[in-house]
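Coordinates in review
Residue-level listing of the chains:
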Amino acid sequence: MYLFNSNSADRYTAAKALSFSQLTEHTKDILVDRIKDESEYIYVRLEVASTLARLGLKEGFTYIEKILQNDYLAYKLEAIIILG
């Protein structure tokens, strides 16, 4: 699975692609774990949160809300783009 690839661009792309797929419970659990991983690249985490939010899972919305409260404007902008 590309979500575990060492290349952050591959992980980002995988997270984005998964939002257009039917996901198993196991894959959803992996995505939830990915947004909790503080060492993960922020934009991968935001894309994973977007996927979870599109699926109606509260973990995705909760993470996006957390980013909207962040002081770093680039992260806020990405979260706003995701919500748009």
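Everything below is about the structure printed above this text.
Before going into details, it helps to say that this report is about the structure given with it. (Residues numbered from 1 in each chain as written. Predicted model: local features only at pLDDT ≥ 70, side-chain atom pairs only at ≥ 80, totals over all residues. Heavy atoms only, no water.)

1. Comments concerning the nonpolar core
Put simply, the rule is: Side-chain atoms within 4.5 Å are what join buried Ala, Val, Leu, Ile, Met, Phe, Trp, Tyr and Cys residues into a set we call a nonpolar core. The buried label goes to any residue with under 20% of its type's maximum accessible area, the exposed label to any with over 50%, and the partly exposed label to all in between, with areas taken from a 1.4 Å probe on protein chains only. Only DSSP runs of H or I reaching four residues or more are called helices, and only runs of E reaching two or more are called strands; each is numbered from the N terminus. Whether two residues touch is decided by their heavy atoms; if any such pair falls within 4.5 Å, the residues are in contact.
Of all hydrophobic cores here, the largest spans 21 residues; its most connected members are Leu3, Leu31, Leu46, Val48 and Tyr63. Listing elements by their share of this core, those giving two or more residues are helix H1 (8-18), helix H2 (25-36), helix H3 (42-54), helix H4 (58-68) and helix H5 (73-83). Per-element tally for this core: the top contributor is H3, with seven residues. Discounting residues that sit within four places of it in the chain, Val48 has contacts with Ala15, Leu31, Arg34 and Ile35.

2. Some points on the environment of Gln22
By secondary structure assignment, the location of Gln22 is in the loop between H1 and H2. Residue classification places Gln22 among the exposed positions, given a relative accessible area of 79%.

3. Concerning a nonpolar patch on the surface
We count it as follows: In this scheme, patches are assembled from residues that exceed 30% relative accessible area and form no salt bridge. Like charges are connected within 9 Å, while nonpolar side chains (Val, Leu, Ile, Met, Phe, Trp, Tyr) are connected within 5 Å. Per-residue and other accessible areas were derived by the Shrake-Rupley procedure at a 1.4 Å probe size, with only the shown protein chains allowed to occlude residues. Salt bridge, as applied in this entry: a Lys or Arg side-chain nitrogen positioned within 4 Å of an Asp or Glu carboxyl oxygen.
A cluster of nonpolar residues, Leu68, Ile80 and Leu83, forms a patch on the protein surface that exposes about 260 Å² of accessible area. Position of Leu83 relative to the elements: it lies in helix H5.

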